[in-house]
Amino acid sequence: MPAASPIGFFDSGVGGLSVMREARLLLPAEEFMYYADSACCPYGIKPAEIIIERSRAICDFFLGKGVKLIVVACNTASITALEVLREDYQLPIVGIEPAIKPAAAATKNGRIGVLATGLTLSGRRFNTLVEKFGDAVHVYTVPCPGLVELVEAGEKDGPEVEALLGSFLKPLLEKDIDTVVLGCTHYPFIRPTLGVLAGPNVHIIDTGRAVARQLVRVLEQYDLFNPGIGTGRECFFTSGDPEKTGAVVRKLWGDPEAIIERVCL
Ligand code: DGL
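Report on the accompanying structure. (Residues numbered from 1 in each chain as written. Predicted model: local features only at pLDDT ≥ 70, side-chain atom pairs only at ≥ 80, totals over all residues. Heavy atoms only, no water.)

Description of the overall build of the protein chain
So, step 1. Within the protein chain, the regular secondary structure consists of eleven helices and ten strands.
So, step 2. Against the 2.2 N^0.38 benchmark of 18 Å for 265 residues, the protein chain shows a C-alpha radius of gyration of 18 Å, consistent with a compact globule.
So, step 3. With respect to the three principal axes, the spread of C-alpha positions in the protein chain is 50 × 40 × 35 Å.
So, step 4. Evaluated residue by residue, the protein chain yields a buried proportion of 55% over its 265 residues.
So, step 5. Contacts spanning at least 24 positions in sequence make up 77% of the contacts within the protein chain whose residues lie at least 6 apart. (Helix = DSSP H or I, 4+ residues; strand = E, 2+ residues; numbered from the N terminus. Rg over C-alpha atoms; globule rule 2.2 N^0.38 Å. Buried < 20%, exposed > 50% of the residue type's maximum accessible area, 1.4 Å probe, protein only. Contact = heavy atoms within 4.5 Å.)

Observations regarding a negative patch on the surface
So, step 1. A surface patch of negative charge is lined by Glu155, Asp157, Glu160 and Glu162.
So, step 2. On the secondary structure map, Glu162 appears in helix H8 (residues 159-174).
So, step 3. By relative accessible area, which is 41% here, Glu162 ends up partly exposed. (Patch = residues over 30% accessible without salt bridge, like charges linked within 9 Å, V, L, I, M, F, W, Y side chains within 5 Å. Areas by Shrake-Rupley, 256 points an atom, 1.4 Å probe, with all protein chains shown as cover. Salt bridge = Lys/Arg side-chain N within 4 Å of Asp/Glu carboxyl O. Lys, Arg positive; Asp, Glu negative; His and termini not counted. Charge placed at Lys NZ, Arg CZ, Asp CG, Glu CD.)

What to know about unusual backbone geometry
So, step 1. Between Cys41 and the following residue, Pro42, the backbone shows a cis peptide bond with an omega angle of 0 degrees.
So, step 2. With respect to the secondary-structure elements, Pro42 resides in the loop between strand S2 (32-36) and helix H2 (48-64).
So, step 3. Of note in this structure, Asp176 is not a glycine but carries a positive phi near 65 degrees.
So, step 4. One can find Asp176 in the loop between H8 and strand S7 (179-182).
So, step 5. Taking relative accessible area as the criterion, Asp176 reaches 48% and is therefore assigned partly exposed.
So, step 6. You will see that Asp223, though not glycine, has its phi angle at about 55 degrees, which is positive.
So, step 7. Among the structural elements, Asp223 can be located in the loop between helix H10 (208-221) and strand S9 (234-238).

So, the site of the ligand
So, step 1. Taken together, 14 residues are adjacent to the ligand, and Ser12, Tyr43, Gly44, Thr76 and Thr185 come closest.
So, step 2. Between the ligand and the protein, one listed contact pairs an oxygen atom with a backbone N or O atom of Tyr43 at 2.7 Å.
So, step 3. One of the backbone nitrogen or oxygen atoms of Asn75 is found 2.8 Å away from an oxygen atom of the ligand.
So, step 4. The class makeup of the residues in the shell around the ligand is six nonpolar, seven polar and one charged. (Near = heavy atom within 4 Å. Polar contact = N/O pair within 3.5 Å; in protein donor to acceptor, adjacent residues only side chain to side chain. Nonpolar A, V, L, I, M, F, W, Y, C, P; charged D, E, K, R; others polar.)

Brief notes about the environment of Ser55
So, step 1. Relative to the assigned elements, Ser55 resides in helix H2.
So, step 2. Once the C-alpha coordinates of Ser55 and Ser78 are considered, the two residues, 23 residues apart in sequence, prove to be 9.2 Å apart.
So, step 3. When sequence neighbours within four positions are dropped, the list of residues in contact with Ser55 reads Phe10, Ala77, Ala81 and Leu85.

Observations regarding H2
So, step 1. The end-to-end C-alpha separation of H2 is 24 Å, in line with the 24 Å expected for 17 residues at 1.5 Å each.
So, step 2. Among the residues of H2, those classed as buried are Ile51, Ile52, Arg54, Ser55, Ile58, Cys59, Phe61 and Phe62.
So, step 3. Where H2 is buried, its residues contact strand S1 (7-11), S2, strand S3 (69-72), helix H3 (75-88), helix H5 (118-122) and S9.
So, step 4. Looking one or two residues past H2, Gly66 carries a phi angle of roughly 75 degrees, positive in sign. (Expected span 1.5 Å × (residues − 1).)

Comments concerning the state of the cysteines
So, step 1. This model, assessed by the stated rule, comprises zero disulfides.
So, step 2. Its sulfur unpaired, Cys74 is 6.8 Å from the next cysteine sulfur, which belongs to Cys184.
So, step 3. Its relative accessible area of 3% is what places Cys74 among the buried residues. (Disulfide = S-S within 2.5 Å.)

Distances and angles like these do not, on their own, reveal function.
Okay, here's the thing in structure tokens:
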């Protein structure tokens, strides 16, 4: 597989852009492809079988495009489908999971909160993470239905985001948590609002940077770095409405020229 081939990123929608932007900072020369499965968003309230089926369809699409590596830029899909995908596909696959280990290391009072989708929080992989890294701390989890939909609509702040986020944060603040994990790739986009609501004493942990570093390690391990010295480009695809998703991709990615193509899988 040529090292100049693209890297494929996918998510239920635009959330995975928060991971891809961290990857872009570390890998300026790589070609990126992004698939937003907007027609099936949100993943977090769907049965696991559907997420596995969608993840396979997207991986097949990426293989047809000749990608050299896939990043599952979605906690819900990683928790649910990563093991199956790694068994089914030969190419390297990088996933994401809520940062329980860094949060357990960062907390001063031993109380951490995790905001994520219901499917992520009920996944076996998530429970294993908590058992492995969270046994010396208290881990409080809150599923956040509706938050992904707001980000999908391009809402990063404002009264609606504040009200919903505030309601999810309240039980965590009542437990006196000092560290909160963003367990969904959509949430980094509302991090500024979360920071204001949570206050200066709560440490917020996002996993995008760590995934980007892992991606670099895997490229190194498989000798897959793009040899080019030019600037890598991004191609965007969606299963949803390209006008609607395109507008949000342009806003969140920060490129007014970005074009998104509809590909139904
Ligand atoms: N960005 C996905 C994640 O990290 C969102 C899940 C959803 O679509 O509900 O879990």
